[in-house]
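Structural description and commentary
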Amino acid sequence: MLLMGKQQTPRRNKRLEPNYLRSIVIAHGRSEYSLCDNIGSTLRLSQKIIANDKGRSSIQVTSLDRHLRNRYFKTPRSLQGQFSNINIEKGEIKNCQIFPILDVDDCTEEQKRAYINGDFKKSYWFGNTIVPIYNDPNLEETMKKIGIKIFKKKDYFSIFEPNSSTKEDIIMLWQKLREAKCTNLDEYVGYCLKVKGLI
């Protein structure tokens with residue numbers, strides 16, 4: 001619709017907010033790393049991914065505690081030293097979630113339940129920001145359930161190559177994941193979309 005006369009650009013008096021870190025992902029392996037890297041780059045989300053050698057060596061449910069007790073998670077000050085753009089006020093992380101994204105086929109049933117239920121979170125000063133994401137039994141099976149054909153691990157790197165998706169692709173992925181009973185990965189994807197105001 002055309003408007004007559006010269007349009008004036010409204011002044012923005014509101015100060016720009018700092019580009020705070022919005023999510024920290026602890027990736028099980030290369031597949032999870034590729035998926036989250038794709039989502040972060042597509043949405044231009046301020047995100048950090050923690051992985052062993054970019055996922056070449058896996059992080060398991062049984063080894064998660066070691067990573068959450070890493071020196072940079074030790075105190076609010078050490079975490080801010082590692083991630084300079086994380087927002088921490090009065091010793092609490094603000095507007096940022098920590099998402100371990102793990103398979104649950106390499107632990108006992110008891111360990112699996114404790115992870116999925118989040119029983120372990122109370123052991124950490126930042127426990128209220130941890131959102132445990134699971135794929136039961138693994139991410140490959142989750143992808144098959146939602147119709148994404150993964151035949152080999154390397155398929156992830158072509159399907160979820162950084163900057164290869166659109167925002168609409170991420171929304172569609174979230175919608176499919178919501179229907180899957182074997183995962184709560186939709187919580188991570190939905191969080192990323194909400195941060196960017198897309199859902």
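Located above this text is the structure these notes cover.
The structure contained in this document is the topic of the report that follows. What you see is a predicted model; the values in this text were computed from it and never measured.

**Considering the side chain of serine 63**
Following the sequence through the fold, serine 63 ends up in the loop between β2 (47–50) and α2 (64–68). In terms of polar contacts, serine 63 uses its side chain to reach the backbone amide nitrogen of glutamine 60, at 3.0 Å.

**Examining the packing of aromatic side chains**
Evaluated as defined, the whole model comprises eight aromatic pairs. A ring pair is formed by phenylalanine 99 and tyrosine 191, whose centres lie 5.2 Å apart and whose planes are at 55 degrees; its orientation type is tilted. In this pair, phenylalanine 99 sits in strand β5 (residues 97–103) while tyrosine 191 sits in helix α8 (residues 185–195), placing the two residues 92 residues apart along the sequence. Taking the relative accessible area as the measure of exposure, tyrosine 191 reaches 16% and is therefore buried.

**Some words on the sheet that holds strand β1 (residues 23–27)**
Strands sit in the order β2-β1-β5-β6 across an open sheet of four strands; the sheet is parallel. Where the open sheet ends on each side, the last strands, each with one partner, are β2 and β6 (133–135). Mean inter-strand twist for the sheet, computed between neighbouring axes without regard to direction, equals 20 degrees. As judged from the five bridges shared by β1 and β5, these two strands associate in the parallel manner.

**Section: the packing of helix α1 (residues 30–43) against helix α7 (residues 167–179)**
One can describe the packing of α1 onto α7 by two numbers: an axis separation of 9 Å at closest approach and a directional angle of 135 degrees. Between α1 and α7, the angle is such that the two are oblique. α7 is crossed by α1, and the crossing has left-handed handedness. Where α1 abuts α7, its residues Leu35, Asn38, Ile39, Thr42 and Leu43 lie against Lys167, Ile170 and Leu173. Taken together, the residues of the contact of α1 with α7 break down into five nonpolar, two polar and one charged.

**Let's talk about the pattern of salt bridges**
Scanning the model with the defined rule gives six salt bridges in all. As a salt-bridge pair, aspartate 136 and lysine 112 come within 2.8 Å of each other at their nearest N and O atoms. A residue pair is termed long-range when its members are at least 10 positions apart, and aspartate 136 in the loop between β6 and α5 (139–145) and lysine 112 in helix α4 (residues 109–117) qualify at 24 residues. Owing to a relative accessible area of 27%, aspartate 136 belongs among the partly exposed residues under this scheme.

**Brief notes about α7**
Every α-helix winds through 3.6 residues per turn, so residues three or four apart in the chain are directed the same way. Its 13 residues give α7 an end-to-end C-alpha distance of 19 Å, which sits within 8% of 18 Å, the value for a rise of 1.5 Å per residue. The elements touched by buried residues of α7 are α1, α5 and α8.

**Section: unusual backbone geometry**
Note the cis peptide between aspartate 136 and proline 137, where omega equals 10 degrees. Within the secondary structure layout, proline 137 lies in the loop between β6 and α5. At arginine 44, a position not held by glycine, the phi torsion is positive, near 55 degrees. For arginine 44, the location among the structural elements is in the loop between α1 and β2.

**Remarks on the side chain of threonine 42**
Structurally, the position occupied by threonine 42 is in helix α1. By relative accessible area, which is 11% here, threonine 42 ends up buried. A polar contact is formed between the side chain of threonine 42 and the backbone oxygen of asparagine 38, at a distance of 2.7 Å. Excluding residues within four positions of it along the chain, threonine 42 makes contact with Asn163, Ser165, Thr166, Lys167 and Ile170.

Reading the values: rules and limits
Residues numbered from 1 in each chain as written. Predicted model: local features only at pLDDT ≥ 70, side-chain atom pairs only at ≥ 80, totals over all residues. Heavy atoms only, no water. Helix = DSSP H or I, 4+ residues; strand = E, 2+ residues; numbered from the N terminus. Polar contact = N/O pair within 3.5 Å; in protein donor to acceptor, adjacent residues only side chain to side chain. Phe/Tyr/Trp six-rings, centres within 6.5 Å; stacked < 30°, edge-to-face > 60°. Buried < 20%, exposed > 50% of the residue type's maximum accessible area, 1.4 Å probe, protein only. Pairing = 2+ DSSP bridges. Axes fitted to C-alpha atoms, helices over the stretch in contact; angles between N-to-C directions. Parallel < 35°, antiparallel > 145°, perpendicular 65-115°, else oblique. Left-handed = near helix turned anticlockwise from the far one by under 90°. Contact = heavy atoms within 4.5 Å. Nonpolar A, V, L, I, M, F, W, Y, C, P; charged D, E, K, R; others polar. Salt bridge = Lys/Arg side-chain N within 4 Å of Asp/Glu carboxyl O. Expected span 1.5 Å × (residues − 1).

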